[in-house]
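Listed below, chain by chain, are the residues.
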Amino acid sequence: MTDSGSPPNSTHDQLARDLSELARDLHRADAPDDVLREAVQAALELVPGAQDGSVTTIVVGKLLSHKAESGTLPMRVDALVSELGEGPCLDALRDQKAVVRVDDMRTESRWPRLAPRAAELGALSVLTFPLFSKDDNLCSLNLYADTANAFSAESEQIGCLIAVHAAVAYAGAQRTENLLAALETRDQIGQAVGLLMERYSITSERAFSTLVRFSRQTNRKLRDVALELISDAEAGAHR
């Protein structure tokens, strides 16, 4: 029988409430990078053993960057990863289904160049979770501790739940940002087309074709050509 004086699974119930609150906070974030900062902060609060954190991203398989770093330790370790081209976050990024865990960086052999230098910095335990793989953009959530064996199976389980919530929210924030950017670009191109129509008394189709042709000739994005035309027109109006 269950003791009515203490609710069963109270720890799990609290974790469920914390994760529900995290999901709401993540989806309220205004920008993709805000989602990543929220995810790192939540991991530091909820994952047993976590002291610092960051997010590593690879765009189109080439550009490596580190975001949402909570302090100097992840900043220094992430800089080493970029310099040496090896580390737990890169392994997690290459295999989006694998959680990478380091119990003691001083005895770690998977990254022979990184491990001793990271240990010197004080990153003895590392736990890295893949966030998502979409449109050739890869992300991982990285957690650090300055003691060995800081992370447990519970740390992995909770971290995986946070990573899932963060991945969904991050993808949604990216879609919203891309949509807003597309709408803004459309308005700017439309404004530039209107300027050409007025200036040269031509149709909208011919004005748009003129923009496209100049964009190709100068090897510049259509949006940049439109912005330059708008800027020149505004400057001329103030003379």
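Scroll up to find the structure this text is about.
Please read these numbers as outputs of a predicted model, since none were measured by experiment.

Cut-off values and rules
- Going along each chain's sequence as written, the residues are numbered from 1 onward.
- Local features in this predicted model are restricted to residues of pLDDT 70 or higher, and side-chain atom pairs are both shown and tallied only at a pLDDT of 80 or more, whereas totals for entire chains, interfaces and linings draw on every residue.
- Computation of side-chain values: all heavy atoms of the structure, hydrogens and water removed.
- Within this scheme, the nonpolar core is defined by two criteria: the residues are buried Ala, Val, Leu, Ile, Met, Phe, Trp, Tyr or Cys, and they are joined through side-chain atoms within 4.5 Å.
- Residue burial is assigned from relative accessible area. The probe radius is 1.4 Å, only protein chains are included, and a residue is buried under 20% of its type maximum, exposed over 50%, and partly exposed in between.
- Every helix listed is a DSSP run of H or I at least four residues long, and every strand listed is a run of E at least two residues long, numbered separately from the N terminus.
- Note on contacts: a residue pair qualifies if any of its non-hydrogen atoms lie within 4.5 Å across the two residues.
- Given a helix with a known number of residues, its expected span is that number minus one, times 1.5 Å.
- Each pair of strands is called paired provided DSSP finds at least two bridges between the two strands.

A. Region of the structure containing the nonpolar core. By size, the foremost hydrophobic cluster in this structure holds 31 residues, and its most contacted members are L26, V47, V55, L131, L141, L143 and I162. For this core, the elements supplying multiple residues, two or more each, are α1 (10-28), α2 (32-46), β4 (125-134), β5 (137-145) and α6 (153-200). The element contributing the most residues to this core is α2, with 8 residues. Non-local contacts of L26, meaning those with residues more than four positions away in its chain, are made with V35, E38, A39, H165, A166 and A169. Within the second largest apolar cluster, 23 residues are counted, among which are L80, W111, A123 and L138.

B. Structural view of α2. For α2, which comprises 15 residues, the first-to-last C-alpha distance of 21 Å matches the rise-based estimate of 21 Å (1.5 Å per residue) to within 8%. Looking only at α2, the buried set comprises P32, V35, L36, A39, V40, A42, A43, L44 and L46.

C. Structural detail: the pairing of strand β1 (residues 52-59). The buried fraction of β1 amounts to 7 of the 8 residues, a majority that puts the element mostly inside the structure. Summarising the sheet, β1 and strand β2 (residues 63-67) pair through 5 bridges and their orientation is antiparallel. Bridge pairing links V55 to K67 in β2.

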